[in-house]
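# Analysis of the macromolecular model
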Amino acid sequence: MAKQSFLSNSIRAIMMAGFGSALLAGAPAMAQDQSNESEDGEQAKAAEKIQVTGSRIRTDGLDSPTPVEIITTEIATDQGLNTLGELLRTSTVASGSDQLISAYSVGYVTNGGSGAESISMRGLGASRTLVLLNGRRAGPAGTRGTVSAFDMNALPISIIERVEILKDGASSLYGSDAVAGVINIITKKGEGGEVNFSGLAPFEGGGETYRLNATYGDSFDRGSWRVVADHNVNTGLIRADRDYFDCSTRYLFSNIVTGERADPIDPRTGEYHCNESGFGLFHAYSGVGLPANTSAGRFQYNYGGYDVADPTTINPYYNPADPRSIGVEGVNPFLRAAPDGWYWAGYDAESDGLLDGGGHPFRLQQTMVPETTVSSVFLQGDYDLTDTISAYGELLHSRRTTKSESARQFWTADYGYISINAVDGFDGDGFVMPVHYTNHYGNKTTIDYSRAVVGLEGAIGFWNWDVSYQRSHNSGTYAQDIILRDSMLLSQELLFTGATCNGEVTPISGKACHDYDWFDPQNMYGNPSQAARDFLFGYDKGKTTYKQDTLDAYITGDLFDLPAGALSTAAGIYWQRDEINDVPGENTRNGNSWGLSSAGITAGKATTKAVYAEFQVPVLRDLPFVESLDLTASGRWTDVDAYGDDTTYKLSANWSIGEGFRVRASRGTSFRAPALFELYLEGQTGFLGQTNDPCLDYVNATNPLVRENCAAAGIPESYTDTVGTGSSSFTTITGGGAGVLQAETSVSEGIGLVYESAEGTFAASVDYYDVVISNQISSVSGAAVLNQCYTSTDFANEPFCNQIDRKDGTADGDWSIQEVRGGYLNTAQQTVRGFDFVVTYQDSFDFGDLRVKLDHTHQVERSFQQFVTDTPEDSLGWIGNPKSIGTLNTTLTRDEWSFNWNMAYYDRTEDYSYYGTDSTTLRGEDVRFVAHIPTYVLHSISANTTFNDNIDVTFGIGNLFDKQPPSVSPAAAAVVGNTPLFASQMDYLGRRAFFNISYQF
């Protein structure tokens, strides 16, 4: 209500000090300074209660029984952060695990689609982190069938005043999804206007961002309103913009101590060879035993006119000392003739340096950070209908457009290898497979996200009530460059039959037949004719809508007085309806997108109903070693029509010992209803190689169960390789688990100690957390289905075996797998444990006002167990999951200037424990790979001042010392260049300058 604006502003000023609810050292003094400026009537309002994240009961907000972290948008200004996702990743509850960032959606299918960003608290997953906007749910946003979380790009950072992060499970208050905790985003209010322009420019170029926003608000006798408009542009980053993305060398060492590399040298550049996706005629022999450390390699066209040998004069298989030596020196035993301009590469260690792919211009133009534009409008207002009832409303609309470009191979995978004699000018005994390269692999995503809230709030005596209705509507389109499968099949059929086009038309895409030359060097390089492009290439466009409606009503107040204070309560009812409808493009639905997964229409809906209650009981007051002791209890009953009902509870204690010490503890249960995509995801297909088949050469399997079960399936011991099978891969299908899935359940426990100095200059806290999720929903992959089937102790009755379709050996002894069906099941358990430390210090000195804040999290365990028979796997310490992380923020204010220095640090990570070794082989030689990231520290500095009382200027440098991502070996980690992916703690941009200029009126 309007009359509460002074109190609300006072509390916000306290929160913006950055201490958090548990660490408001000095906050009482700040509040007192504010209220001293008011009249006596306004001073009385200081005792009025407010509601803070983690409780429905209104309190003074200063003594939360569970840890709450406050992040203000001043942090974004001081550090040059551009999005809500970047701001939230400054919190150690997020930075201790790999987060979904927009860069990951380039070349990978991610939840929410291209460009989506989400936050996973404690590494438990974005679907287990509840996001609220002004205390009410923020509906999911994104594209494709796996939309389930709020997209952090949907809300511009200019709208936000602060973010409250409840680091504790809270399903008993907020319902499903609040397993790991709650992120409550609080928007700006108040009077006046502001125009703001900010920008960020890396010193090396690429990845620039610019933002222009304006806001204006006003209040009148019976209410207030505010409007915010924001336009944000990220120009994107491509591989050519950074040296560390440029070239994926093997990064293998023959002596890791001395740094002696084992990588081959590319004679065309004199540098270590870039081992990227290649093109050319991939070479194979059939039934020929080759000497050790040799392979068939590939034939490539000499596009650059380099000095290379005639392939018919090369015989790497000749060695007089080797009894398996083939042929004579200087004569290729398998190639008698080759056209001009072709050479041979990749047949031994030295010729590996000639393999094509690394220098292709398509590779350098691949997107690393997508080009993104977001435009947003936000309105909010309130109006006092009577002295005790107010109406309020919010409206948010944003449009995000994300574009990215990439490159890919395509080849005759459906028909396999062809005799080399079928290629004009070649004469030999081997087989080749033409592999081509193309940059027809871009995508564009456009998302319109709208959210509207209307509500009433009021008071009945000393009781406060609130009723609100919310509708969020996400509408997204996703367009993808594709290669048409029916065109590929027709083109390959013509190649292998030696026929030419005769008026054929492809059955799905309706393309007129084109005689595509699979052996043309320009086609291989990615320069086909327009007619070939029109025949092979297409464009697919899908659409996703997600609607969420919620109705929430609650009342809070004091029931009666106890000797230690008032017994407070809150009670409410809640209703929610979710609906998803994802319609992939026509070619994707028909399986006509070559080399990409197909998908069906994902459609479903769920309705949730709940009732909840919370009680805060003051137990003791003013006793020795007990200044106060309060207990809080909450419970919730929830019914989801998609699967059933469940109850959750939470108990917490808040004990003020005295002399500034306080202990807080909590234990609660949570649950997460299955997301709509987990219930209704339709027919997502992928591919796995036949080498994943446990029954391939099972006579040599180390697991006796595999040998026994494969024999019981009737597979002969002679099934030792896939030569002669129709395909080197099989189809995997992932679908939803409607009718099977139950809700996840979890138990969250925590205990903490807080200290606040009497003079308000120092505060510290340590909190222990322990979360165990049972019956966790996980996507069971095709490989996991195979493993569970063929290692089963009850093979005859193993349900996972029903998910496998295999050939019966009647065709040429072919027992290969045709299809494996996975999907979402309640199979897993996950455990996270650790400690959060916070230390703050602030004081005034002759040189200015100094404030220092340290946030540190030490993770003890993050283990995942997919099946009850599995050994839990602890991923802490692996790349992307540092055990210890922290931030140290120092601010000095002097006269009209404020100076900020921020340091973020991440513990050393490594994947050697995952592999159990750091050794591998290269061409038969023992080598060592690199799979670790040293302790990683980033610094930023900034300065801020105000001119003429209404022009605020901030400028600074991010990544001050230009800390580049470390290099790792592609053999051990997903990389671009040699930069590790799936480690969102890494800085991809490098040193950059940033500024922020705002004009207030």
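Now for a look at the structure at hand. (Residues numbered from 1 in each chain as written. Predicted model: local features only at pLDDT ≥ 70, side-chain atom pairs only at ≥ 80, totals over all residues. Heavy atoms only, no water.)

## Some details on the environment of Ile773
Topologically, Ile773 is positioned in strand β36 (residues 762-780). Separated by 558 residues in the primary sequence, Ile773 and Thr215 place their C-alpha atoms 43 Å from one another. Residues contacting Ile773, with those up to four places away along its chain left out, are Leu124, Arg128, Val179, Glu744, Thr745, Ser746, Ala828, Gln829 and Gln830. (Helix = DSSP H or I, 4+ residues; strand = E, 2+ residues; numbered from the N terminus. Contact = heavy atoms within 4.5 Å.)

## Examining unusual backbone geometry
The phi dihedral of Arg122 is positive, around 60°, even though this residue is not glycine. Mapping Arg122 onto the fold places it in the loop between α6 (92-95) and β2 (129-133). Overall, Arg122 belongs to the buried group, its relative accessible area being 5%. The residue Asp622 is not glycine, and still its phi comes out positive at about 55°. Judged by its relative accessible area of 69%, Asp622 is exposed. (Buried < 20%, exposed > 50% of the residue type's maximum accessible area, 1.4 Å probe, protein only.)

## Considering the state of the cysteines
A covalent bond between the sulfur atoms of two cysteines is referred to as a disulfide. Tallied over the full model, the rule gives 4 disulfides. The side chain of Cys247 participates in a disulfide bridge whose partner is Cys274; the two sulfur atoms lie 1.9 Å from each other. An S-S torsion of about -120° defines the bridge between Cys247 and Cys274 as left-handed. Taken as a pair, Cys247 in the loop between α8 (243-246) and β10 (252-255) and Cys274 in the loop between β13 (271-272) and β14 (280-284) lie far apart in primary sequence, 27 residues in all. Taken individually, Cys247 and Cys274 each receive the classification buried, so the pair is uniform in this respect. One disulfide bridge connects Cys695 with Cys710, the sulfur atoms lying 1.9 Å from each other. Taking the sign of the S-S torsion, -85° for the link of Cys695 and Cys710, the bridge is left-handed. In this pair, Cys695 is assigned in the loop between β33 (684-689) and α15 (704-712) and Cys710 in helix α15, connecting sequence segments 15 residues apart. Take Cys695: its relative accessible area is 0%, and that puts it in the buried class. Taken in sequence order, the bonded cysteines of the protein chain link in the pattern 1-2, 3-4, 5-6, 7-8. (Disulfide = S-S within 2.5 Å.)

Nothing here speaks to function; it is all geometry.
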